[in-house]
Amino acid sequence: MGKLTVKQQAWIDFYKQGKTAAEAARLAGYKGDNLNVIGAQNLTKLSNYIAERDKLLETPRIADMEEINEFWTSVMRDKREETKDRLKASELRAKAAGAFVQQMQVSGVVPVQIIDDIPEDGGG
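Note that the structure is predicted; figures quoted are calculated from it, not measured. Position numbers for residues start from 1 in each chain and track the written sequence from start to end. It should be noted that, the model being predicted, local features are given only for residues of pLDDT at least 70 and side-chain atom pairs only at 80 or more, the latter also being counted only at that level, while totals for whole chains, interfaces and linings use all residues. Side-chain numbers come from the whole structure's heavy atoms, not from hydrogens or water.

Engineer: Sorry, what's going on with helix H6 (residues 83-96) here?
Structural biologist: Under the 1.5 Å per step criterion, the end-to-end length of H6 is 20 Å for 14 residues, consistent within 8% with the ideal 20 Å. In this text, helices come from DSSP runs of H or I with a minimum length of four residues, and strands from runs of E with a minimum of two, each type numbered from the N-terminal end. Immediately beyond the C-terminal end of H6, within one or two residues, lies Gly98, with a positive phi of roughly 85°. Here the expected length of a helix is defined as 1.5 Å per residue gap, with one fewer gap than residues.

Engineer: I keep staring at helix H2 (residues 21-28) and nothing clicks. Help me out?
Structural biologist: Every α-helix carries 3.6 residues per turn, so stepping three or four residues along brings you back to the same face. Each residue gets one of three labels from its accessible area relative to the maximum for its type: buried under 20%, exposed over 50%, partly exposed in between, using a 1.4 Å probe on protein chains only. Restricting attention to buried positions, one finds in H2 the residues Ala21, Ala22, Ala24, Ala25 and Ala28. Take H2 and look down its axis: the buried residues cluster within an arc of 160°, on one side only. The contact criterion used is simple: two residues touch if any of their non-hydrogen atoms lie within 4.5 Å. Buried residues along H2 sit against helix H1 (6-16) and helix H3 (35-45). This arc describes the spread of directions from the helix axis toward the C-beta atoms.

Engineer: Would you mind showing me how to read the environment of Asn34 here?
Structural biologist: Within the secondary structure, Asn34 sits in the loop between H2 and H3. On the basis of relative accessible area, Asn34 is assigned to the partly exposed category, the value being 38%. When the C-alpha atoms of Asn34 and Ala22 are compared, they prove to be 8.4 Å apart, with twelve residues separating the residues in sequence. There is a polar contact of 3.3 Å between the side chain of Asn34 and the backbone nitrogen of Asn36. Polar contacts, as counted here, are pairs of nitrogen or oxygen atoms within 3.5 Å of one another; within protein the pair requires one atom able to donate a hydrogen and one able to accept it, and residues that are adjacent in sequence qualify only if both atoms are side-chain atoms.

Engineer: Where do I start with the packing of aromatic side chains in this structure?
Structural biologist: Two aromatic rings, taken as a pair, are described by how far apart their centres are and by the angle between their planes. To pair, rings of Phe, Tyr and Trp, with the six-membered ring standing in for Trp, must have centres within 6.5 Å; the planes then decide the type, stacked if under 30 degrees apart, edge-to-face if over 60, and tilted in the middle. One pass over the structure, following the stated rule, counts one aromatic pair. Pairing Trp11 with Tyr15 gives two aromatic rings, centres 5.0 Å apart and planes at 5°, and the pair type is stacked. Of the two residues, Trp11 and Tyr15 both sit in helix H1, four residues apart, roughly one turn of that helix. A relative accessible area of 0% means that Trp11 is categorised as buried. When its relative accessible area of 26% is taken as the criterion, Tyr15 is described as partly exposed. In this scheme, Lys NZ or Arg CZ marks a charge over a ring once it lies within 6 Å of the ring centre and within 35 degrees of the ring normal. Taking NZ or CZ as reference, Lys7 lies 5.5 Å from the ring centre of Tyr30, over its face.

Engineer: Would you take a moment to explain the packing of helix H5 (residues 65-77) against H6 for this structure?
Structural biologist: For any two helices packed against each other, the geometry is given by the interaxial angle and the distance between the axes. Whenever a helix is involved, its axis is fitted only over the stretch in contact; in every case the axis is a line through C-alpha atoms, and angles between N-to-C directions fall within 0 to 180 degrees. For the pair H5 and H6, the least separation of the axes is 8 Å and the interaxial angle reads 145°. Classified by chirality, the crossing of H6 by H5 is left-handed. Contacts between H5 and H6 involve Met65, Asn69, Trp72, Thr73, Val75, Met76 and Arg77 from the first element and Asp85, Arg86, Ala89, Ser90, Leu92, Arg93 and Ala96 from the second. Put simply, a crossing is left-handed when the front helix is turned counterclockwise from the back one by less than a right angle, and right-handed when it is turned clockwise.

Next up, the structure:
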């Protein structure tokens, strides 16, 4: 995608702040009788940039599984941490790795009681 105009950048910022597409257009300095159309056009035209911006903004905020596993491992290995915290970290790491697969075996017959609550005359 080419370079964005100042208005397009402002529109994206206002839109990402939770403004409607039309309100973002007005705040970004777009002029015209139908800001709804301008906002809708920007949604279409700038959708790839919005997605890239979302990814860029979310990446530092959301830990991926690799980061989570590294954290659990560091807590587990840190001798300064309390034993209960080290154990919990090791448990969570093991669960994430699938070490605790619970198997249940069910056998036998389960009795089922059928209750007929429909009146004899078939009415309701």
